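Chain by chain, the residues run as shown.
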Amino acid sequence: MKPMSELSHDFLEPVLHPQAICIDGTLGYGRDSRFFLDHKARQVFAYEIQPGLLENAVKEIDDPRLHAWGKSHDQMGEDLKSLKGRVDAVVFNFGYDPHTLEGVATRSSSSLKAVQSAIELLRIKGRIALVFYPHPDGVQEQETIFQWLKSQDGLETTYISHPFKSNSPSLLCIEKRHIPRAVPQV
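Described in the following lines is the structure provided in the data block. (Residues numbered from 1 in each chain as written. Predicted model: local features only at pLDDT ≥ 70, side-chain atom pairs only at ≥ 80, totals over all residues. Heavy atoms only, no water.)

Topic: the side chain of Ser170
Looking at the element boundaries, Ser170 is found in strand E7 (residues 170-176). Of the polar contacts made by the side chain of Ser170, one reaches the side chain of Tyr159; its length is 3.1 Å. In contact with Ser170, not counting residues within four places along its chain, are Met4, Leu130, Val131, Phe132, Gln142, Tyr159, Ile160 and Ser161. (Helix = DSSP H or I, 4+ residues; strand = E, 2+ residues; numbered from the N terminus. Polar contact = N/O pair within 3.5 Å; in protein donor to acceptor, adjacent residues only side chain to side chain. Contact = heavy atoms within 4.5 Å.)

Right under this line is the structure:
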């Protein structure tokens, strides 16, 4: 079985093309951004709050199509508002990097705001992959996002998890089918 991060790439790959605009909501080591760039995306916008991870990923990738910011992904709605309805693919790997700053992890409120913005930025038939990792705040983060998504129309979702391993990553796949009614912001 493939890891959830690879399954997220499998889900996103069909919407990638040479003019694709993509967002990596959690840059980390740059694996997802590299995936987009390797599939010839025209532009990749990435967010990372840890300066060391951001610097290393940008240096290693070294591609002018990558536009990376050292700030929270909850800023994407404002930063990328000119791309509303034009983004092809978005990926999030929620959680934390156990090898870097202790206590630095994605949070429910900022992650929900980022997902809400990503849905607004997404084009019709665009896709979002959300990989959740089971850390103490991760369960709450996933529940918060799922609760909000329940009230949304215009989205097709699929959830993948390991049914017999409660402490393993999971994947939520979202495809925008039509423009949802007003998307309430939290």
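From this point, the narrative continues.
Focus: the environment of Gly126
Inspection of the secondary structure assignment puts Gly126 in strand E5 (residues 122-132). Using a relative accessible area of 0% as the deciding quantity, one classes Gly126 as buried. For the pair Gly126 and Pro14, spaced 112 residues apart in the sequence, the C-alpha separation amounts to 9.6 Å. Discounting residues that sit within four places of it in the chain, Gly126 has contacts with Val87, Asp88, Ile174, Glu175 and Lys176. (Buried < 20%, exposed > 50% of the residue type's maximum accessible area, 1.4 Å probe, protein only.)

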